[in-house]
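# Architecture at a glance
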Amino acid sequence: MQKKNIVFVLNEFNGHGGAQRVASILVDDFVADGHNVKILSINEQLNQPSYFNDQVEVTVLHEDNYRAPMEKALFPNLKSLKFNVVSKELKRRAQLKKSRAKVEKFFDQFGEEMVYVIVIQVWGMQWLENLLYKKNIKIIGQSHESFEAAFNSHRFKRIQKYYIQTAKFLLLTEKDADRFKQLGFNNVGVMHNPTTYRKQQDARQLWENKTFVSIGRLIEDKGNDLLIEAFNKVKDQLPDWKLDIYGDGEDYKHLKLLIDIYDLHDRVFLKGRTENALEVYEQASILLLGSKAEGLPMTLIEAQSCSLPCISTDCAPGIKEIISEYETGLLATVGDADQFSRHMVRLAKDFTKFEAYSTNAYMESQKFERNYIKQQWYSLFDEVGAHHE
Amino acid sequence: MSNIEQKKTPELTVVVIAYNNELYVEEALESLYYQTFKDIEVVVVNDNSTDRTGELIEAYIADKPNFRVVHLETNSGGCSVPRNTGIFNSESQYVMFLDGDDWYTANACEVMLNAAKRTGSDIVAGQVIRTNTYETWYKRQIYSVERTNFNIREFPEMIFDSLSVNKIYKREFLERNNLRFQEGLHYEDVLFTGQAYFLANTISIIPVPIYYWRVVENAKVKSITNQRQDIKNFINRINSHRFLDNFMIESGNSIYLSYKNNKFFRHDLRLYVNDYLDVDDEYKAQFHPLIQDYLHENINKYEFIKLAEDLRIICYLLYIGDREAFQDYMYYLHDLPTKKARITHNGEFYYFKSDMVPAVDQRFLKVASPKFEIGIEDLYLTEDKLVFNSMVDLKSFADYEVVLYKWELRNKAIQHSIFGKNHNGRIEFDLSDMLPGNYYFYLTINFLGSEKRVLVKFDMVNQMEYIKVEGHKNDISTFVNEKNMIGLNNQLHSEVGDLVWKMRKRVRKFRNNRVKNTKNSFSTRLLKSFFYKLSVKNNWVLFESQMGKQFSDNPKYIFEELQNSNQNYKMIWSCENVNEFPLDGNITKVKRGSLKHYYYMTRSKYWVDNQGIGHLAPKKKGQVYLQTWHGTPLKKMGADKDNATPEEMKKLKSQTKKWDYFISPNPYSTKIFKRAFKYTGKVLETGYPRNDLLVQQPEAIKKKARSYFNIPDGKKVILYAPTFRDWNQNSYFDTLRDINRMSKEIGDDTIVLLRLHYLLASKIDDIQLPGHMINASSYSDVQELYLISDMLITDYSSVMFDYAVLKRPIIFYCYDLEEYLYYRGTYFDLKEDSPGPICSNLEEVLDFIRRPEQLEAYKEKLEQFSKKYCGLEDGQASKRVIKQVFK
């Protein structure tokens, strides 16, 4: 395969979110195939390690840790005599111009060669605006959240402005792509996230673990409180089972409180952050997800790829893309701890069902296997590059 | 085995029905077992399932005393028998229903029972959540607020919700009305719920979710309601509606049928029509007669009028039974090519054509705007030019060859437009005076005069190229904005320049919004009163023709004659637009209505005009007003008009009393003028000065006119002068269509000069006519056109009287003679006395043109006509007038 130039654009390359993890998997795979991969990071977190391989060159746009504020209108603020707002905005614009020039210089290294730019978050597009008019630079924009989540955020306007003009706009699910298509985007496509881990495991062994598990940031949106509530309802029906919650975040205190209230110290455990998710998947039985909103959750993908049946809230179109109801997992309505708890009993008590789901999960998760996804990216590059005169 | 322990009957029974729901039935029952309100009994009716449903139910309820099961021995094929069985096998005061693949919210029974007891309503309804979108069923229309104790007749919109499962029923209400689910009927809900609504005394709604309706997409096994391709399915649905119709009629509720019908169109019919393109011909063959019959039963076609455009057209086409048109419409909706070109315009609106539809019903097929796709190719952008090839594909459009496109780049913020020049699809924009900012593309589609201006959006264009051009001071680039509008952006390089421009823009906007008002300012009035006091000049003559718009007609010829007489007159012409007035030389030209005009008017001794300028300045003693008028009267005017209002008469009087002399072309006219205008002043019955030309027929003028239009010698010239039908705004459409047809049928050995009313003329400006059709509407002097024309086609215009001087053939094209006579009325009996043939359609006209020898038959009549109306015309009229007036 011909060597390709690929640039990843991220807000903070060394953050620890799902987006960075996915990008790092792709980077590793592209580098392994011999492509010229570079990372352009708008900012960086101070003194934090990243998921990325040390070999890959990272360029930080704002080395002085300048963080661009949101744009403000000039004339309304002038009329209201808010002069310091006006002067800050002027400074921002000046800095924007400088940074854009820096970006253009960065891309000069490729000359007239074709470059594929994968924009992980839309925030970065404001510095790439001028590149839209360069014929050799193919920008592929991605949104890692559902349409709903994007719609209700300040990112939506940016998406409407920038992603409509990119060579391709990738969403995580067909449904999300359709929503954008209805708004007039004619460049949408779907790309799943690749899984880091994939392991076929023995169903009996998994079941014997008698452990419900959840992995992810401890914030309200992730709904770990729902999991504790649900577990509490059925703790007596499942006396040998426990619930392990991995991850950290500001919700930790609240969850601890719930455990105290329900007196679940010996059944529910807050395990903190894990560096080795695979180990967690080896020691679990069923993965739980109680989120209120999601894109295409990595934990579900990874769990299914490791033969774990999953119980999740039906909080995004992405969930049904990963879990096939009654075949690889079960779904409950968002916020419904009762229904959720009944599902937990259903799976925990019926080994035949559990075994079937586990086997199906591993099979169906093939579509998230990293090589498969990598090939999809290559096909996408070919499609996008074909329009080059 | 059911539990037969005797206890007090619970207040509420939930009837669960199940058929082959092995995946879901446990969850359904669980949701009932874990209800917050415990005092319920559950009767599960298993409709002879073939999968594990039966055993799962038995296993689940084994240890639950409040749950019972009834296994039906044969499958009933629907929901009616199981539900009725459940009702029969219970005694509680209240009843609710649950389908075996759905489930209740945790407190459904509690809230519903509370509401039922609190309100005392026969029926209480709660919210349904569909699990594909998690949206509430009919939330906006019905379930947004709590409604207590209403009757369906007060809130008929409730009919939209035909579900039976989200409601709690008083058993006493069911028994009192013997209300059960109709057995043997699919879609039993439609009938049951409809009946329930109209039989209930009171209904209440609580805006609380109680029921989850499981929607399985990509279902491997479709439940009963999803198998739409089977025609039996459709028959069932219509039947259940028929039952409901009959019930409503028999129970005296037929006045509410329109609400029920509305629901049928918007929900039920739409479901079947959505799948129409996927069904086979056998299905279609049965579908159409079925729906056509039903639509003629209890439905009035006007119930379609208020529906959304696509549904309205669908219903109407199914109603009249035009299958081909319907099929084409389905293709059209799905952006597929249609078999026939269907979209056309009738003068008032665009509509979808069906041969089976009478003209009066076209409005049922009205289409807001034609669908089109724009292709933009080979985009070429420089600092001062934007060029691209455009191709507009009008979908299913008949007559697309007469459509014109005008491209426009508009900057709304500063209200600046740049128009593109169109050379056969190659559009060129001159960007040299493009200002900074965003310009968006607009496309104006002109179909025979009917214009539609559309903002070009990204999804209308099949591909878009992003180009940026960097210039010295600014960059120009193409882009798409967040509202999907396509545009051209002009960005100044320097930030400062950009800011300065933005400031200037705001100032400009501010200035434009200030209203300018100088007309009646104090200074003007002062000057005017001063001018009035000045003396009258005896050798000043003020001329005006057609309100300053023209240099023509009697005033022109009197002017020319006066010039030739070598008397020392100062002549002033009143013009609407001084720069465009076709008169050179040492003649004073003033803008009509200006201060200068006023000055000359109050000081000129002679006023010569052909309409009425008496209101423009007060008349002084010693001033002489010569009213030349502008044609032999054909249409009723002045006091003779049927609908002359007192205001009109007053206005007329104020003009006529200022006239000193009035020119009449013939005795017929004199009588009419005197009576219609109530004119008592002097009449000069001299013939028209303008017709002197037609008697003298100077070669120089003939040559000039012919060469103006590049008419080679030997070619025949026809003058087509239709009148403007002022009672019908859209009559221009018919005229344009005729012109279009004429241009195809008349060979190019004949030249057709078009003389149209100015309102009509403007619409034809953009249309590219073939070489032998010439738009002569703005030619300054129509008399010269008569001179070079060998034949005249007209209708109700007084041009016939002038043209008759030449004694050349006249054809009358009066396709709307009756209408004209009704609206306008004439002095002259066109049918009796016309000097040429009266044709009622274009074909007849064309026939006379092709075989002009037929016109010989009218020669005598033309002779008589000419004698009567043009008898005085001897070429000396101007001289005679001047002799009498200018002493």
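None of the values given here were measured: they were computed from a predicted structure.

## Some details on the overall build of chain A
- Along the backbone of chain A there are 16 helices and 13 strands.
- Taken against the 2.2 N^0.38 rule, which gives 21 Å for 389 residues, the C-alpha radius of gyration of chain A at 23 Å falls within 12% of a compact globule.
- Its C-alpha atoms give chain A principal-axis dimensions of roughly 65 × 55 × 40 Å.
- Relative to its full complement of 389 residues, chain A shows a buried share of 57%.
- In the form shown here, chain A has an accessible surface area of approximately 16,900 Å², with 48% of it arising from carbon and sulfur atoms.
- With 51 positive and 54 negative side-chain charges, chain A shows a separation of 7 Å between the mean positions of the two kinds.

## Brief notes about the pattern of salt bridges
Residue and element names in this part refer to chain B.
- Tallied over the entire structure, the rule returns 68 salt bridges over all chains.
- With its nearest N and O atoms 3.2 Å apart, the salt bridge here joins Lys-263 to Asp-268.
- Accessibility expressed as a relative area gives 3% for Lys-263, which makes it buried.
- Two residues, Glu-818 and Lys-831, come together in a salt bridge whose shortest N-O distance is 3.6 Å. In this pair, Glu-818 is assigned in helix α25 (residues 817-823) and Lys-831 in helix α26 (residues 830-833), connecting sequence segments 13 residues apart.
- Note on Glu-818: relative accessible area 54%, which makes it exposed.

## Overview of a negative patch on the surface
- On the surface, B:Glu383, B:Asp384, B:Glu428, B:Asp430 and B:Asp433 cluster together to form a negatively charged patch.
- Within the fold, B:Asp430 resides in strand β18 (residues 426-430).

## Here's the deal with the confidence of the model for chain B
Residues and elements named next belong to chain B.
- Overall, the predicted model of chain B reaches an average pLDDT of 89, with 96% of residues at or above 70.
- Between residues 220-225, whose pLDDT stays under 50, and residues either more than four places distant or in other chains, the model counts 7 contacts.
- Predicted as a complex, the structure gets a pTM of 0.75 and an ipTM equal to 0.86.

## Comments concerning the interface of chain B and chain A
- Taken residue by residue, the interface counts 35 residues in chain B and 31 residues in chain A.
- Buried surface at the junction of chain B and chain A, summed over both partners, amounts to about 2,800 Å²; 46% is from carbon and sulfur atoms.
- At the boundary of chain B with chain A, the tally comes to 3 salt bridges.
- The salt bridge involving B:Glu30 is made with A:Arg342; its shortest N-O contact spans 3.1 Å.
- Between chain B and chain A we count 10 residue pairs in polar contact (both at pLDDT 80 or more) in total.
- Elements represented by at least two residues in the side of chain B that touches chain A include exactly α1 (25-33), β22 (474-480) and α13 (495-513) of chain B.

## Overview of the sheet that holds strand β5 (residues 137-142) of chain A
Residues and elements named next belong to chain A.
- The 7 strands lie next to each other as β3-β2-β1-β4-β5-β6-β7, forming an open sheet whose pairing is parallel. Edge strands, defined here as strands with exactly one partner in the open sheet, are β3 (57-60) and β7 (188-190). The sheet shows a mean angle of 25° between the axes of neighbouring strands, taken without regard to direction.
- With 3 bridges joining them, strand β6 (residues 168-171) and β7 adopt parallel strand pairing. Bridged to Leu-171 within β7 is Val-190.

## As for the sheet that holds strand β27 (residues 604-609) of chain B
Residues and elements named next belong to chain B.
- The strand order across the open sheet formed by 7 strands is β26-β25-β24-β27-β28-β29-β30, and the pairing between neighbours is parallel. Each having just a single partner strand, β26 (588-591) and β30 (682-685) make up the two edges of the open sheet. Strand-to-strand, the axes of this sheet are offset by a mean angle of 25°, without reference to chain direction.
- Note that strand β25 (residues 570-575) and β26 share 4 bridges and pair parallel. Bridge pairing in β26 links Ser-574 to Val-590.

## Description of the packing of aromatic side chains
All names here are of chain B.
- In the structure shown here, the tally under the stated rule is 101 aromatic pairs over all chains.
- Summarising the aromatic geometry, the rings of Trp-659 and Tyr-679 are spaced 5.9 Å apart at their centres and angled 50° between planes, so their arrangement reads as tilted. Placement of the pair is Trp-659 in the loop between α17 (646-656) and β29 (661-664) and Tyr-679 in the loop between α18 (667-676) and β30, with a sequence separation of 20 residues.
- The ring of Phe-181 carries the charged tip of Arg-83 above its face, separated from the ring centre by 5.0 Å.

## Structural notes on helix α10 (residues 252-262) of chain A
Residues and elements named next belong to chain A.
- Those residues of α10 that sit buried are Leu-255, Leu-258 and Ile-259. Summarising the axial view, the buried residues of α10 lie within an arc of 100°, below the 170-degree limit, and thus occupy one face. Across from the buried face of α10, at angles greater than 90 degrees, the exposed residues are Lys-253 and Ile-261.
- Close packing links the buried residues of α10 with α9 (224-234) and β10 (268-272).
- Phi for Asp-263, located one or two positions after α10, is positive at around 55°.

## Here's the deal with helix α4 (residues 108-119) of chain B
All names here are of chain B.
- Along its 12 residues, α4 runs 16 Å from first to last C-alpha, staying within 8% of the 16 Å computed at 1.5 Å per residue.
- Taken together, the buried positions of α4 are occupied by Ala-108, Cys-109, Val-111, Met-112, Leu-113, Ala-115, Ala-116 and Thr-119.
- Just downstream of α4 lies Gly-120, where phi reads positive at about 75°.

## Description of the packing of helix α1 (residues 18-32) of chain A against helix α16 (residues 370-385) of chain A
Residues and elements named next belong to chain A.
- Viewed as axis vectors pointing N to C, α1 and α16 meet at an angle of 75°, and their least axial separation amounts to 11 Å. By the angle between their directions, the pair α1 and α16 is classed as roughly perpendicular. Facing α1, whose interface residues are Ile-25, Leu-26, Asp-28, Asp-29 and Phe-30, α16 presents Arg-370, Lys-374, Trp-377, Tyr-378 and Phe-381.

## Section: the packing of helix α15 (residues 553-564) of chain B against helix α29 (residues 877-885) of chain B
All names here are of chain B.
- Close contact between α15 and α29 brings their axes to 9 Å; oriented N to C, the two are set at 75°. When the axis of α15 is compared with that of α29, the two are roughly perpendicular. The residues of α29 that touch α15, namely those facing Tyr-557, Ile-558, Glu-561 and Leu-562, are Ser-878, Lys-879, Val-881 and Ile-882.
- When the residues that make up the contact of α15 with α29 are grouped by side-chain class, the tally is 5 nonpolar, 1 polar and 2 charged.

## Focus on unusual backbone geometry
Residues and elements named next belong to chain B.
- Not every positive phi belongs to a glycine, and Asn-178 is a case in point at roughly 50°.
- Of note, Asn-178 is situated in the loop between α6 (171-176) and α7 (188-199).
- The residue Lys-678 is not glycine, and still its phi comes out positive at about 50°.
- Inspection of the secondary structure puts Lys-678 in the loop between α18 and β30.

## Observations regarding a nonpolar patch on the surface
- Together, A:Leu78, A:Leu81 and A:Phe83 make up an exposed nonpolar region whose accessible area comes to about 310 Å².
- With respect to the secondary-structure elements, A:Leu81 resides in the loop between α2 (75-79) and α3 (83-108).

## Some points on the side chain of B:Gln362
Residues and elements named next belong to chain B.
- Within the secondary structure, Gln-362 sits in the loop between β11 (350-352) and β12 (366-367).
- Look at Gln-362 and you get buried, because its relative accessible area is 14%.
- Of note is the side chain of Gln-362, whose polar atom sits 3.0 Å from the side chain of Asn-346.
- Within the structure, Gln-362 has its side chain in polar contact with the side chain of Tyr-351 (distance 3.1 Å).
- Not counting residues within four places of it along the chain, the set of residues in contact with Gln-362 comprises Asn-346, Phe-349, Tyr-351 and Val-357.

Rules used throughout
Residues numbered from 1 in each chain as written. Chains lettered and ligands numbered in written order. Predicted model: local features only at pLDDT ≥ 70, side-chain atom pairs only at ≥ 80, totals over all residues. Heavy atoms only, no water. Helix = DSSP H or I, 4+ residues; strand = E, 2+ residues; numbered from the N terminus. Rg over C-alpha atoms; globule rule 2.2 N^0.38 Å. Buried < 20%, exposed > 50% of the residue type's maximum accessible area, 1.4 Å probe, protein only. Areas by Shrake-Rupley, 256 points an atom, 1.4 Å probe, with all protein chains shown as cover. Lys, Arg positive; Asp, Glu negative; His and termini not counted. Charge placed at Lys NZ, Arg CZ, Asp CG, Glu CD. Salt bridge = Lys/Arg side-chain N within 4 Å of Asp/Glu carboxyl O. Patch = residues over 30% accessible without salt bridge, like charges linked within 9 Å, V, L, I, M, F, W, Y side chains within 5 Å. pLDDT = per-residue confidence, 0-100. Contact = heavy atoms within 4.5 Å. Buried area = accessible area lost by both parts, 1.4 Å probe. Polar contact = N/O pair within 3.5 Å; in protein donor to acceptor, adjacent residues only side chain to side chain. Pairing = 2+ DSSP bridges. Axes fitted to C-alpha atoms, helices over the stretch in contact; angles between N-to-C directions. Phe/Tyr/Trp six-rings, centres within 6.5 Å; stacked < 30°, edge-to-face > 60°. Lys NZ or Arg CZ within 6 Å of the ring centre and 35° of its normal. Arc of directions from axis to C-beta. Expected span 1.5 Å × (residues − 1). Parallel < 35°, antiparallel > 145°, perpendicular 65-115°, else oblique. Nonpolar A, V, L, I, M, F, W, Y, C, P; charged D, E, K, R; others polar.

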